[in-house]
Amino acid sequence: MNKQPKTVGSGKVKNSSSPHEPQTQPGAKPFPIVGIGASAGGLEALEQFLRQVPDGSGMAFVIVQHLDPTHKGIMAELLQRTTGMAVFQVRDRMRVKPDCVYVIPPNKDMSILHGVLHLFEPTAPRGLRLPIDYFLRSLAEDRQEGSIGVILSGMGSDGTMGLRAIKEKAGVVLVQEPATAKFDSMPRSAIAAGLADLVAPVEELPGKIIDYLRHAHVIAKSERPLEEKDQSAIEKVLILLRSKTGQDFSLYKKNTVYRRIERRMSIHQIDRIAAYVRFLQENPQEVELLFKELLIGVTSFFRDPAAWEQLQEEAIPALLADRPTGGVLRAWSVGCSTGEEAYSLAIAFKEALEQIKPTARFTLQIFATDLDRDAIDKARQGVYPVNISADVSAEQLHRFFVQEESGYRVTKEIREMVTFATQNLIMDPPFTKLDILICRNLLIYLTPESQKKLLPLFHYSLNPGGIMFLGSAETATAFADFFTSVHIKSRLFRRRESVLAEPLAFPPSFIPGRPGSPKELTMAKPVANLQSLADQLLLQRFSPPAVLVNDRGDILYISGRTGKYLEPAAGKANWNIFAMAREGLRFELGSAFQKAVRTKEPLMVRGLRIGEGDTNQAVDIAIQVIDTPEALRGMVMIVFTDVALPPEKKAPGRRKKIAADGNSRSLELGQELQQVREALSSTREEMQSSQEELKSTNEELQSTNEELQSTNEELTTSREEMQSMNEELQTLNAEQQSRMDELSRTNNDMRNLLNSTEIVTVFLDNQLHVRRYTSGANQLFKLIPGDVGRPLSDLTSDLLYPGMVDEAREVLRTLVFSEKEISATDGRWFKVRIMPYRTMEEVIAGVVITFAEITAAKKLEAELREENAKLKSLLVAKR
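Every chain is numbered on its own, with residues counted from 1 as its sequence reads. Two thresholds apply to this predicted model, a pLDDT of at least 70 for residue-level local features and 80 or more for giving and counting side-chain atom pairs, whereas whole-chain, interface and lining totals are computed over all residues. Heavy atoms from the whole structure form the basis of all side-chain values; hydrogens and water molecules are not counted.

**Q** Got a minute to help me understand the overall build of the chain in this structure?
**A** Counting from the N terminus, the helices are DSSP H or I runs at least four residues long and the strands are E runs at least two residues long. Helix and strand counts for the chain stand at 23 helices and 30 strands. To sort residues, take the accessible area from a 1.4 Å probe on protein chains only and compare it with the maximum for the residue type: under 20% means buried, over 50% means exposed, and anything in between is partly exposed. Classification of the 879 residues of the chain by burial places 42% in the buried group. For this analysis, residues touch if any pair of their heavy atoms sits within 4.5 Å. For the chain, the proportion of contacts with a sequence separation of at least 24, taken over those separated by at least 6, is 65%. In this description, accessible areas are obtained by the Shrake-Rupley approach with a 1.4 Å probe, and a residue is regarded as covered only by the protein chains that are shown. As presented, the chain carries roughly 49500 Å² of accessible surface, and 52% of it is formed by carbon and sulfur atoms.

Here's what the structure looks like:
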């Protein structure tokens, strides 16, 4: 039964008492806003949709269409006849209210902010406007995970990019079943992009939305803090994912994982996560869908344009300036999804080169990796829908893309700069010796512990001065020792030299080992000889305590027992030497440290005292700014040395009388005193000699220890570099194998196509040498495989066509095809067509000559001519 229609909202300014004009209600609870995209011919689908929306649904519907900008909009009047909800043609700054329908006016773009609709004059020319994408993107930003997008009947691919934004914010996407759509291009585009959560006939979509919202509300109402949720069920979901896909999501943020699981539960109307585990076990396809959901493969060309502009105008020129001789730069796009980010970098690099015009030759090799194999396959194809024009300028589309029937294809020049491969960032070795590393909007989905391991790994992967490009919600400011900000708002960071305070963790050490799994094999320690044992003993017991700090006083390394001089400060952990210095050292140490750093000269502070009473101790402090080796340059070594307390002066007492025993006793005492002095002098010399030997031994031990540490570090680095090189070789191998498979399929398709047409075809290069020919050509030209590469003029032909070579040369010059009917020596006839050979880049690379046999047609023509002649003779005879 049809609902009673209401008076239509004409879009004119209404009185506040009008029941249809939305009024602001402060403090109102959020309600669902459904964005609907359809073409101008989708009126029937919109009517079917709105008829199924029950009264009092609490939802608002915003309809965006492709409308003729030169005609007055009457869609609101037409839709009002089919629904009991109030229908409005949108006016600027109109607030959205529940149980209302809003229709975009002609020749406008529309956005939403805080539930208020805003109208804009279109910037794109007619025919290139994407109003559905424009609105759905703003809806995703405004409603976040509460955003709902619907695509109905329509032509083109408008709406697909907007649905990507909704999926990124964990909203829900519904698409009309293409078989039921009057125009199926828009629904098919959304489905082909893997964005549709639910696909159904248009009359079933409102019920699907209501069911989804009802179950989402039930789940949200029963939601408890994450730590109180059924952890066992979540772990079982992760186990099912790992067993099906081979990927471990245990390092993803638990809230992110659970939110995506809840979303799938709402779509399937499942209230408890334990029931969803059972559903996963019974439906392997749902495991794959959840895997895709967790990957969040949402990206676009030049996302955050201002940040890309900073990269192109500041970061890339700085990298080129550091290499005046030119060379190959290396880049890694982490989590590249379907490749837009990697291709954006390639385009930005090309444009930067054209702006700078360096004298040296530069190339960029980009490695682009992602966990999603399907996304990598799409990236390798390099084909994107026409609505990328919203993110790519017209000039860039013209220069770096080739327009095809289905959209735009990346040019060969840009495609060859990028190598795609599947990779698990937290399990596989990283790429190394990089100049640019792009990891945008990936870290935000990982646990803080994973981020703390990945950023040092990125530091290791980059060359000195290399650039790291993060997403707008990510930062590396907590790793000031590893990266310095180039432009904080654009999230551009430059690698700085740093001494790692702790060993660098490499994949797959990010994930804790499972019980019972074999431990990693360690290198056997060399057997220590007598000298090394003695050296270690001297370092441990006789060398003075010392600390190595940076120019701010932060402790980087401690040698020996320093507890007598340093102690941890109370409160939050602080490894600064000035905060840890004991009473009696703090002031003098700070003053001397600043002076030593300023003058770059060694400094000695003598006679400082620490402790009280029996523990009173005098200390000398040596401060030395280090210049060599290179790895320690700019750091400061502080050495503590205990010294004896000076003797205290005693108060004068009563003088004792000393009896003189005569000259003999005085002489004896003088001799003994002389012997003691000589003994002391000899002992002093021996001690000095021993101290010098000990100092020399200590220096040798320190040098040996540094060499051993350096050797160990070099071995560790070499091992990791070998793993990285192996990863690169596997990536290149996979890329080449993919290209070979694609080339093999293309060759097979072309061979079968040409053979099935039964049209003889000969391909010539620009010098009119034979490049390729199909079966049957050997009967016209007496061709053999060895003739490939020979000039066409050197080959004999059965055709009575002496000017064929000159005709082919003329086609190459004028680019105008030639078509003639030519006879052969054996009486056969052929239609010979000569056309320019055009590549995908619109480059002329020779000519194509086709020979279609028309002997039967010629015979039929001759027979008809003969019959006509006979008829004419009969007619003449009758006259």
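Once the structure has been displayed, the description carries forward.
**Q** What is the right way to look at the sheet that holds strand β5 (residues 100–103) in this model?
**A** The strands making up a sheet associate through backbone hydrogen bonding, with each pair oriented either parallel or antiparallel. Note: two strands are recorded as paired if DSSP finds a minimum of 2 bridges between them. Taken in spatial order, the seven strands line up as β3-β5-β2-β1-β8-β9-β10 in an open sheet, and their pairing is parallel. At either margin of the open sheet sits one strand with a lone partner, and together these are β3 (86–89) and β10 (198–200). Averaged over all pairs of adjacent strands, the angle between their axes in this sheet comes to 20 degrees, without regard to strand direction. Inspection of the sheet shows strand β2 (residues 60–65) paired to β5 by four bridges, in the parallel sense. The partner of isoleucine 63 across the bridge, within β5, is valine 103. Sheet contacts for helix α3 (residues 131–143): β1 (33–38), β2 and β8 (148–151); angle to β1, the most-contacted strand, approximately 165 degrees. Where helices are involved, their axes are fitted lines through C-alpha atoms of the stretch in contact, as for all axes, and angles between N-to-C directions lie from 0 to 180°.

**Q** Just to check I follow, could you spell out the pairing of strand β27 (residues 770–773) for this structure?
**A** One face of the sheet, then the other: side chains in a regular strand alternate in exactly this way. The pairing of strand β26 (residues 760–764) with β27 spans three bridges and is antiparallel. Bridge pairing in β27 links valine 762 to tyrosine 773. Between the end of β26 and the start of β27, which pair antiparallel, lie five residues, with leucine 768 showing a positive phi angle near 60 degrees.

**Q** What is the right way to look at unusual backbone geometry in this model?
**A** When glycine is set aside, most residues are seen to have a negative phi, and most peptide bonds are trans. One non-glycine residue, glutamine 269, lies in the positive phi region at around 55 degrees. Here glutamine 269 is to be found in the loop between α8 (254–267) and α9 (273–282). A relative accessible area of 37% means that glutamine 269 is categorised as partly exposed. The phi dihedral of lysine 433 falls on the positive side, at around 55 degrees, and the residue is not glycine. The residue lysine 433 is located in the loop between β16 (418–422) and β17 (434–439) in this model.

**Q** It is not clear to me how the packing of aromatic side chains should be interpreted in this structure. Could you clarify?
**A** By convention here, two paired aromatic rings are described through the distance between centres and the angle between planes. The pairing test for Phe, Tyr and Trp rings, Trp by its six-membered ring, is centres within 6.5 Å, and the orientation test on the planes gives stacked under 30 degrees, edge-to-face over 60, and tilted for anything in between. Following the criterion strictly, the structure yields 18 aromatic pairs and no others. On the basis of an interplanar angle of 80 degrees and a centroid distance of 5.6 Å, the ring pair of phenylalanine 301 and phenylalanine 401 is categorised as edge-to-face. Residue phenylalanine 301 is located in the loop between α10 (284–295) and α11 (305–321), and its partner phenylalanine 401 is located in strand β14 (residues 401–404); the two are separated by 100 residues in the primary sequence. Exposure remark for phenylalanine 301: the relative accessible area of 1% places this residue in the buried category.

**Q** Explain the packing of α8 against α10 here, please?
**A** Two numbers describe a pair of packed helices, the interaxial angle and the distance between the axes. Put simply, α8 and α10 touch, their axes get as near as 10 Å, and they point 135 degrees apart. In terms of orientation, α8 lies oblique with respect to α10. Crossing of α8 against α10: the hand is right-handed. Between α8, through Val257, Arg260, Ile261, Arg263 and Arg264, and α10, the contact on the second element is made entirely by Glu286, Leu289, Leu290, Glu293 and Leu294. An angle counts as roughly parallel when it lies under 35 degrees, as roughly antiparallel when it exceeds 145, as roughly perpendicular when it falls between 65 and 115, and as oblique in every other case. Two helices that cross are described as forming a left-handed crossing if the nearer one is turned anticlockwise from the farther one by less than a right angle, and a right-handed crossing if clockwise.

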